[in-house]
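Examination of the molecular architecture
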Amino acid sequence: MFLDAIDFAAMYREQKQQTDFKSKNSFDWDNKAQSMAKSTINSQYVTDFLEKIKINEDDIILDIGCGPGALTIPLAKCVKKVIALDFSKEMLNQLELYAQEEGVTNIETHCIGWDDSWDHLEKPDIIIHGAAETHVDNSLIDPNSFITSNVLGTQVLLNAAVKYNVDKFILVSTDEVYGQLTSETQDSWKEDATLNPR
């Protein structure tokens, strides 16, 4: 098969070494974990996401870049199991606290990143990919970091999805394809908004 001939994980590591811009590391995300947990849990985004995704109770979901569990916990209430990955230990700690508060026990967490082996993970039915560089202004300064995470990182996951015959692959990405938000209090764009990328 064509995809098997390309080692996208190796390409990702090589591209990562070539970039000058340093994306946030796990310690940066650790420092944001508690405030991020408060702002993302029970948000309108989660409600909208859950209304659109088609899942069943026997599904196993792989949530990549799960953060503090904004999607992981509500999904776990509807499916057999959620495998939650993040490279920030504190994000996973916040997720585990939230799961305990909600009485959710069918989540398996792993503190791993792009460079780590994922061979030990159970085959999912659905992959939710939310691990990406998100601050668009930084992509204008140095696109290499964004290409590494958002393109090659996504290709690594797509390659795995094909290899393991995953039923569904969902990419969660920035909404700045609809234009720049003018303030922190402005609601996120909806999917039917007019495209207006910078």
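Conventions and cut-offs
Residues numbered from 1 in each chain as written. Predicted model: local features only at pLDDT ≥ 70, side-chain atom pairs only at ≥ 80, totals over all residues. Heavy atoms only, no water. Core = buried A, V, L, I, M, F, W, Y, C linked by side-chain atoms within 4.5 Å. Buried < 20%, exposed > 50% of the residue type's maximum accessible area, 1.4 Å probe, protein only. Helix = DSSP H or I, 4+ residues; strand = E, 2+ residues; numbered from the N terminus. Contact = heavy atoms within 4.5 Å. Pairing = 2+ DSSP bridges. Axes fitted to C-alpha atoms, helices over the stretch in contact; angles between N-to-C directions.

The next subject is the nonpolar core. Counting 22 residues, the largest nonpolar core has Ile-61, Ile-73, Leu-75, Val-82, Ile-107 and Ile-128 as its most contacted members. At the level of elements, helix H3 (44-52), helix H4 (72-76), strand S2 (81-86), helix H5 (89-102) and strand S4 (126-129) are the ones that each hand at least two residues to this core. For this core, the element with the most residues is H5, which contributes four residues. Those residues within four positions of Ile-128 in sequence are excluded, and the remaining contacts are Phe-49, Ile-53, Ile-61, Leu-62, Asp-63, Ile-64, Leu-71, Leu-75, Ile-170 and Val-172.

All right, on to the sheet that holds strand S5 (residues 168-171) then. Strand order in the open sheet formed by five strands is S3-S2-S1-S4-S5, with parallel pairing between adjacent strands. Lying at the two open borders of the sheet, with one neighbouring strand each, are strand S3 (107-111) and S5. Sheet twist, expressed as the mean angle between neighbouring strand axes with direction ignored, is 15°. Here strand S1 (residues 60-64) pairs with S4 via four bridges, running parallel. If you follow Ile-61 over to S4, its bridge partner there is Ile-126. The strands touched by H5 are S2 and S3; relative to S3, the strand with the most contacts, the crossing angle is about 165°.

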